[in-house]
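# Structural overview for review
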Amino acid sequence: MSSDHIPILDLKAQYQALQTEIQAAVNRVLESGQFILGPDVTAFETEIADYLGVKFAIAVNSGTDALVISLRALGLGPGDEVITTPFSFFATAESISIVGAKPVFVDVCAETFNLNPALIPAAITPQTKAIMPVHLFGQPARMGELLELAQAHNLKVIEDTAQAMGAQYFSTCSDCQCQTTTQSKLTGKLVGSIGDFGAFSFFPTKNLGAYGDGGLITTNDPELAELAKMLRVHGSRKRYVNELIGYNSRMDSLQAAILRVKLPYLKTWNDQRRAIATKYNAQLQDVPGIITPKVTPGHVFHQYTVRILANKRDAVVEYLRGLGISTMIYYPIPQDRLPVYDGKYARLPVSEQLAAEVISLPLWPELADAQISQITQALAEAIRINA
Ligand SMILES: Cc1ncc(COP(=O)(O)O)c(C=O)c1O
């Protein structure tokens, strides 16, 4: 590997900058003897609810659990259908399948990689109970239109916000310039505060990452919050008085203490991510045969993902690998085409096309200008030699 090797993500730079604060927080928890839930988790819940502008935040074990518990709290299960995107990490559809409901996949917009609201009405049946949009790669889904559809058809909305902590919704979409009254009411809201539930992940690679698994459920509804809290701890409000079949999905105190150190830096990190995306776009604007993402104000660029056209994606990935530049393909197979669903869904052309075209380039807040230039020059060269 060359000395200029660039990984897809480097978490060490962030740790080095925060080392003193994080070690103090970890030591404080170790000395307290309180390792599960406890004061750090409660304080983190208060701080993050305040940051997100929601009434209730319930810290859990993972983003997957946050989705599953949200679906359970809404009473969804066998016989129910939940509309979602094919173009996401499998935890999205898996959560729906785990509770026994049926994921119904609706294709995405090629520009934003997110659920296309215009295609949803045709997928609604009497069994449809909810919509689960994903704010993929840190880009808010079209929440205004999704909420209008949900209200019109009496559906619940669970935002899969795993990749978009800190992203803000703006009423004018980058791809369609749509604007309605409902949407403008939502302008500036942080994602995860808009639907009936928001479900976040603190997997270490996320924009706000723990040092282990972690997740968060957000809601403004007191009854749903109470149910989610019960489901987090074996379906009990009071210890040893179990009222529901629940889960063991408590957040560790250590993770909460670490997340409390990191939360005040999140806005800066997200601004840095957006600035890096802007630099990538500027340097790639004249490269033919690729489509770069739009940099919109609320986008927090969990990933910077470009489309490589004309079947050149795999050759480009190989070329970059040869130069020591790591890339990732999020996602090589849309959820509906995964072996687990055994070919039972009708094909969705946009997400299949995206799965064949996308590559995500290295991105973390401390990525240096010299590294960005090295990556964009290598990508331009890869396209040129494969022309
Ligand atoms: C879109 C999406 N949903 C859900 C999850 C699940 O989160 P976790 O890994 O914390 O269970 C992830 C994470 O990796 C994700 O990217």
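Before reading on, note that the structure itself is shown above.
Residues numbered from 1 in each chain as written. Predicted model: local features only at pLDDT ≥ 70, side-chain atom pairs only at ≥ 80, totals over all residues. Heavy atoms only, no water.

### Topic: the site of the ligand
Neighbouring the ligand are 15 residues, the closest being Gly-63, Thr-64, Asp-160, Ser-201 and Lys-206. In this structure, Ser-201 approaches the ligand through a side-chain N or O atom, which is 2.7 Å from an oxygen atom. For the ligand, the accessible surface in isolation is 390 Å², of which the surrounding protein chains cover 92%. For the shell around the ligand, the secondary-structure elements that each account for two or more residues are α3 (63–73) and α4 (91–98). With three residues, the top contributor of residues to the shell around the ligand is α3. (Near = heavy atom within 4 Å. Polar contact = N/O pair within 3.5 Å; in protein donor to acceptor, adjacent residues only side chain to side chain. Areas by Shrake-Rupley, 256 points an atom, 1.4 Å probe, with all protein chains shown as cover. Helix = DSSP H or I, 4+ residues; strand = E, 2+ residues; numbered from the N terminus.)

### Some words on the packing of α3 against helix α7 (residues 222–232)
Here α3 crosses α7 at 125°, and the two axes come no closer than 9 Å. With respect to each other, α3 and α7 are oriented oblique. The crossing of α3 and α7 is right-handed. Listed contacts from α7 to Ile-69, Arg-72 and Ala-73 of α3 are Leu-224, Leu-227, Ala-228, Leu-231 and Arg-232. (Axes fitted to C-alpha atoms, helices over the stretch in contact; angles between N-to-C directions. Parallel < 35°, antiparallel > 145°, perpendicular 65-115°, else oblique. Left-handed = near helix turned anticlockwise from the far one by under 90°. Contact = heavy atoms within 4.5 Å.)

### Quick word on the packing of helix α2 (residues 38–52) against helix α8 (residues 253–262)
For the pair α2 and α8, interaxial distance at closest approach is 8 Å and the crossing angle is 40°. Considering the angle they form, α2 stands oblique to α8. Classified by chirality, the crossing of α8 by α2 is left-handed. The residues of α8 that touch α2, namely those facing Asp-40, Val-41, Ala-43, Phe-44 and Glu-47, are Ser-253, Ala-256, Ala-257, Leu-259 and Arg-260. In the contact of α2 with α8, the residues fall into six nonpolar, one polar and three charged. (Nonpolar A, V, L, I, M, F, W, Y, C, P; charged D, E, K, R; others polar.)

### Let's talk about the sheet that holds strand β3 (residues 102–105)
Strand order in the open sheet formed by seven strands is β1-β7-β6-β5-β4-β2-β3, and the pairing between neighbours is mixed. Looking along the sheet, the strands with just one partner apiece sit at the ends: β1 (56–60) and β3. If you compare each strand with its neighbour and ignore which way they point, the axes differ by 25° on average. The sheet contact formed by strand β2 (residues 81–84) and β3 spans four bridges and is parallel. Within the sheet, the bridge partner assigned to Ile-83 lies in β3 and is Val-104. Those strands touched by α3 are β1, β2, β4 (128–132), β5 (156–160), β6 (197–201) and β7 (215–219), and its axis lies near 165° from that of β6. Against the sheet, α4 contacts β2, β3, β4 and β5, and its axis sits at roughly 140° relative to β3. (Pairing = 2+ DSSP bridges.)

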